[in-house]
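# Secondary and tertiary structure notes
What follows is each chain in one-letter form.
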Amino acid sequence: MKNEHSHQTTKKFGMVINLDLCTGCGSCMVACMAENNVPFKPDETDKLKSITWMRVYRLTNGKPFPETDVCYLPRPCQHCEGHDGHSPCVSVCPATATDYDSLTGIVSQIYTRCFGCRYCMAACPYHARYFNWYDPVWPDGMEKYLNPNVSPRMRGVVEKCSFCYHRYQAAKDRAYVEGQRDIAEEDYQTACTQACPAGAITFGDLNNPDHAVYKLKQDPRAFRLLERLGTNTKVYYISSKDWVRKAGDNYLPDERPKK
Amino acid sequence: MFPFNFEWIWDMSHMVFMGGLWYALTILGIGMTWCIVKAIIDMGKGDGGHHGHH
Amino acid sequence: MIDAALIPIGVKRCSFGKFLLGLAAVGAVLLWGVYAMLLCWFKGLNQTNMNDYYGFALWIWADLAVIALGGGAFFSGFLKYLTGKDELKNIINYAVLIGFICYSSALLILAIDVGQPLRSWFIFWHANVHSMLTEVAFCLSCYFGVLTIEFIPLILENRQLNKISFFHHLAHNMHEIMAVFAATGAFLSFFHQGSLGGVSGVLFGRPFAYREGLFIWPWTFFLFTWSAAAYGPCFTLMITKITELISGKKLVKDNVIELLAKISGWMMATYIVAKIIDTIYWATVTAPSKGFLVSDFYTNNAFYGFWILIAEILLGGVVPALILITPAGRKNPTARNTAIVLAVIGVCINRWVMVLQTMAAPVMTFDKWALYYPSWQEVATTVLPVAYGAILIMICYRYLPIFPQEPELNPID
């Protein structure tokens with residue numbers, strides 16, 4: 001693994017999500033659950049125990065009618081790079097069950113290594129990590145619909161969005177078989193990106209000038225969540241609304257965001 | 001835990017952390033071994049002045 | 001009495017029947033805890049009220065608190081063996097026993113708390129040396145070994161066991177080099193008490209908990225070690241007092257109690273000054289650099305208000321410290337006992353705040369405060385170690401010469 005990529009530039013897979021386009025429909029959430037064999041219970045009313053690798057938040061500007069404004073914000077795992085590859089969650093895992101891959105920028109989760117101490121969940125400010133409080137129980141016949149490329153998890157381990165890493169592996173295999181050096185932008189796309197009916201999510205290599213996300217992230221209206229914490233995330237959001245950009249981070253009463 | 005584990009790298013963090021750990025474990029091991037061996041030797045010598053409880 | 005041969009020379013104990021009755025009463029509570037523990041192990045952590053916002057909850061608080069309170073063992077050992085405070089030999093046995101109970105309780109709670117207990121060995125085998133929790137696990141386990149080593153001679157000094165030549169010599173030899181074990185214990189304790197503070201302090205994604213620090217160690221690392229050394233002896237003194245009340249006997253002379261109380265008082269006083277400085281720096285520099293006012297962490301929610309900060313620092317720190325550093329305060333039993341109880345509560349509040357308030361406080365601007373209360377299974381499994389501790393103390397008090405001054409203070413006519 002160390003030698004085969006030595007002459008390739010490192011990739012940084014990331015997302016740009018245009019909040020002006022997001023309608024809050026939740027297709028991304030559904031597609032993610034279906035793609036990644038995410039378990040669910042008969043009663044999902046307790047949202048604090050629902051596993052939602054992708055979660056759509058509803059933001060509001062807090063003003064009364066007629067100035068009320070609402071914005072929907074899809075939040076996958078942010079795949080934080082932190083400072084030099086030290087994501088908040090990766091640094092704290094005691095069993096090395098999560099790792100920052102410097103070649104792809106993706107934060108992995110190794111289900112068979114995790115012993116469920118939940119320290120990574122304490123560390124993540126985005127609540128992107130979910131614990132399997134229950135064993136997965138699939139309704140009769142649903143085992144046939146599970147994605148064979150994604151391992152299901154048993155109770156007692158943490159899981160999170162993986163930027164559909166299995167699709168990256170499939171794309172690499174295909175590129176190898178086809179004799180190509182590198183994978184094409186359209187060969188590796190996450191389920192949520194493809195499901196979005198409004199085209200609000202764009203996924204690709206943030207380091208590659210040919211990829212759409214490379215240009216989109218340079219948009220002056222682009223921001224990242226909680227940048228001041230130094231998490232150095234891979235998910236950029238674009239919004240033309242000031243209040244939305246301000247809601248992306250914490251500011252003191254007399255402070256203003258730079259953009 | 002051990003140098004043959006695949007995560008082990010001979011970097012400063014591993015050397016300091018694991019070094020400290022194995023140092024502490026070695027002291028405890030040597031200490032207890034000394035106590036047990038000396039107790040067996042003392043048993044063999046007879047009580048040597050110590051009687052029953054103190 | 002059926003077990004008269006096992007009771008130490010020179011002391012009186014209640015009838016065997018009464019003893020069994022006491023064991024049975026506490027045993028019933030223990031069984032309740034065991035039932036809850038089995039539910040958690042067989043049915044999973046859905047038996048608790050933890051959720052994805054509260055990954056750390058009552059059990060982690062109990063772990064941190066019990067380890068801080070068990071700090072009396074390492075600190076008394078340090079004082080007795082390494083700084084020559086010889087009078088503490090009259091309380092060190094009990095400090096070790098209490099420490100043993102505290103640390104075994106912590107390990108038990110951890111075994112119940114993790115999602116996959118059978119994989120617990122991964123923390124050793126696949127250790128990530130950069131994680132504070134790894135340091136906790138290693139040092140805690142090693143220190144539990146040290147406590148066991150310190151406990152063994154006490155067991156071997158049981159009247160009947162001591163008659164066996166090997167045990168007698170073994171206990172004697174272990175006493176001879178106890179300073180080596182105590183020093184190792186102090187070294188290990190410094191690190192695990194500290195890394196428990198580091199567990200919250202390194203969370204740069206959680207501005208409530210995050211602290212700057214020295215090299216890789218956030219200030220909470222040093223504050224936790226200092227507070228464990230300061231407050232741990234108070235717990236030893238509190239349990240000694242409770243034991244004296246239940247047994248109806250004086251077990252340790254006042255000069256020993258007052259010495260430990262004085263040292264604890266000065267440690268608390270210096271700790272609370274450091275804590276206040278750290279809190280001010282965090283509130284005025286660290287948190288604002290991340291966009292937070294200190295009031296953001298203490299308002300707009302149903303539970304966490306400034307009262308908890310005042311309770312922890314003033315009532316749980318300044319007040320007991322002032323009482324214990326003054327001779328008049330120390331010598332007055334009511335004042336001293338009040339200070340000791342406030343101190344124990346104070347360190348428990350500190351551990352609660354660093355874990356649970358961290359979990360509760362929102363970080364993303366569109367996120368909400370999350371509040372939590374434990375389920376009965378969590379309460380039962382937290383009471384379980386208390387019951388186990390009580391049973392172990394009952395058995396050890398009855399059969400082992402824990403208090404060297406007991407025969408002198410309670411002569412049998």
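Chains are numbered independently. Their residues run from 1 in the order of the written sequence. Working convention: letters from A go to chains and numbers from 1 go to ligands, in the order in which they are written. Per-residue local features of the predicted model are confined to residues with pLDDT of at least 70, and side-chain atom pairs are confined, for both listing and counting, to 80 or more; whole-chain, interface and lining totals are unaffected and use all residues. To obtain the side-chain values, all non-hydrogen atoms of the structure were used and water was disregarded.

What follows covers the overall build of chain A. Helix and strand content of chain A: seven helices and 10 strands. Radius of gyration here uses only the C-alpha atoms, and the compact-globule reference equals 2.2 Å multiplied by the residue count raised to the power 0.38. For 259 residues, the compact-globule estimate of 2.2 N^0.38 gives 18 Å, and chain A sits close to it at 19 Å. Taken across its 259 residues, chain A has 54% of its residues classed as buried. Any pair of residues with heavy atoms lying within 4.5 Å of one another is described as a contacting pair. Within chain A, counting contacts between residues at least 6 apart in sequence, those at least 24 apart form 63% of the total. Throughout, the Shrake-Rupley method with a 1.4 Å probe supplies accessible areas, and for residues the shown protein chains are the sole cover considered. Summed over its atoms, the accessible surface of chain A is roughly 12100 Å², and 53% of this surface lies on carbon and sulfur atoms. Across chain A, the mean location of the 33 positive side-chain charges is 4 Å away from that of the 30 negative side-chain charges. Secondary structure elements follow DSSP: runs of H or I of four or more residues count as helices, runs of E of two or more count as strands, with numbering from the N terminus. Buried residues are those whose accessible area, probed at 1.4 Å on protein chains only, stays under 20% of the maximum for their type, while exposed residues exceed 50% and partly exposed ones sit between those limits. The charged-residue count follows a simple rule in which Lys and Arg add positive charge and Asp and Glu add negative charge, with His and chain termini not counted at all. One atom stands in for each charge, and that atom is NZ of Lys, CZ of Arg, CG of Asp or CD of Glu.

Much of the literature gives interface size as the accessible area that the parts lose upon coming together. Taken residue by residue, the interface counts 54 residues in chain A and 50 residues in chain C. Accessible area, probed at 1.4 Å, shrinks when two parts are joined; the buried area is that loss added up over both. Counting each side, the surface lost to burial between chain A and chain C is near 4400 Å², with a carbon and sulfur contribution of 59%. Whenever a carboxyl oxygen of Asp or Glu lies within 4 Å of a side-chain nitrogen of Lys or Arg, that contact is scored as a salt bridge. The interface formed by chain A and chain C includes one salt bridge. One salt bridge connects R118(A) with D113(C), and the closest N-O pair in it is separated by 2.5 Å. In protein, a polar contact requires one atom able to donate a hydrogen and another able to accept it; more generally it is a pair of N or O atoms within 3.5 Å, and residues adjacent in sequence count only if both atoms are side-chain atoms. Summed over the shared surface of chain A and chain C, the number is 29 residue pairs in polar contact (both at pLDDT 80 or more). Within the residue set of the side of chain A that touches chain C, elements represented by two or more residues are β2 (55–60), α2 (88–92), α3 (119–123) and β6 (129–131) of chain A. Ten residue types, Ala, Val, Leu, Ile, Met, Phe, Trp, Tyr, Cys and Pro, are classed as nonpolar, four, Asp, Glu, Lys and Arg, as charged, and the remainder, Gly among them, as polar. Here the side of chain A that touches chain C is composed, by residue class, of 34 nonpolar, 13 polar and seven charged.

Moving on, we get to the sheet that holds strand β9 (residues 222–223) of chain A. All names here are of chain A. Taken together, the four strands give an open sheet; going across it, the order is β8-β1-β10-β9, and neighbouring strands pair in mixed fashion. At either end of the open sheet lies a strand with only one pairing partner, and these are β8 (201–205) and β9. Two strands pair if DSSP finds at least two bridges between them. Pairing analysis gives five bridges linking strand β1 (residues 13–18) to β8, with the strands arranged antiparallel. Bridged to V16 within β8 is T202.

To continue, consider the side chain of R245(A). Residues and elements named next belong to chain A. Relative to the assigned elements, R245 resides in helix α7 (residues 242–246). Engagement of the side chain of R245 in a polar contact is seen with the backbone oxygen of S239, the distance being 2.6 Å. Looking at R245, its side chain comes within polar contact range of the side chain of D242, at 2.5 Å.

Before going further, it helps to examine the packing of aromatic side chains. Pairing of aromatic rings covers Phe, Tyr and Trp, the last through its six-membered ring, and needs centres within 6.5 Å; plane angles under 30 degrees mean stacked, over 60 mean edge-to-face, and all others mean tilted. For the structure on display, the rule yields 53 aromatic pairs over all chains. Judged by centre distance (4.5 Å) and plane angle (65 degrees), the rings of F131(A) and W133(A) are edge-to-face. The class of F131(A) is buried, set by a relative accessible area of 1%. The exposure class assigned to W133(A) is buried, which follows from its relative accessible area of 2%. Ring plane angle 65 degrees and centroid distance 4.8 Å describe the contact between Y94(C) and F403(C), whose orientation is recorded as edge-to-face. Here F403(C) lies in the loop between α14 (376–399) and α15 (406–409) and Y94(C) lies in helix α4 (residues 92–113), a separation of 309 residues in the sequence. When sorted by exposure, Y94(C) lands in the same class as F403(C), which is buried. The criterion is that NZ of a Lys, or CZ of an Arg, lies within 6 Å of the ring centre and within 35 degrees of the ring normal, and then a charge sits over that ring. Across the ring face of Y111(A), the terminal group of R153(A) is positioned such that the distance to the ring centre comes to 5.3 Å.

Attention shifts here to the confidence of the model for chain C. For every residue, the pLDDT score states the predictor's confidence, bounded by 0 at the bottom and 100 at the top. Here chain C averages 95 in pLDDT, while 100% of its residues score no lower than 70. Quick note on the complex model: pTM equals 0.93, ipTM equals 0.93.

To estimate how far a helix should reach, multiply one less than its number of residues by 1.5 Å. With 34 residues, helix α1 (residues 12–45) of chain B extends 48 Å between its outermost C-alpha atoms, agreeing within 8% with the 50 Å of an ideal straight helix rising 1.5 Å per residue. Along α1(B), the residues classified as buried are H14(B), F17(B), M18(B), G20(B), L21(B), A24(B), L28(B), G31(B), M32(B), C35(B), A39(B) and D42(B).

Residues and elements named next belong to chain C. Lines fitted to C-alpha atoms define the axes, with helix axes restricted to the stretch in contact, and inter-axis angles between N-to-C directions lie between 0 and 180 degrees. Helix α10 (residues 254–289) packs onto helix α9 (residues 219–247) with a crossing angle of 150 degrees between their chain directions and a minimal axis gap of 9 Å. Classified by the angle their axes make, α9 and α10 are roughly antiparallel. Crossing hand, α9 versus α10: left-handed. Counted together, W219, L223, W226, S227, A229, A230, Y231, P233, C234, L237 and T240 of α9 and I257, L260, A261, S264, M267, M268, T270, Y271, I272, A274, K275 and D278 of α10 form the full contact between these two elements. Residues of the contact of α9 with α10, tallied by class, amount to 17 nonpolar, four polar and two charged. Angle categories are assigned with fixed cut-offs, so that under 35 degrees is roughly parallel, over 145 is roughly antiparallel, 65 to 115 is roughly perpendicular, and the rest are oblique. By definition, any crossing whose near helix is turned counterclockwise from its far helix by less than a right angle is left-handed, and any crossing with a clockwise turn is right-handed.

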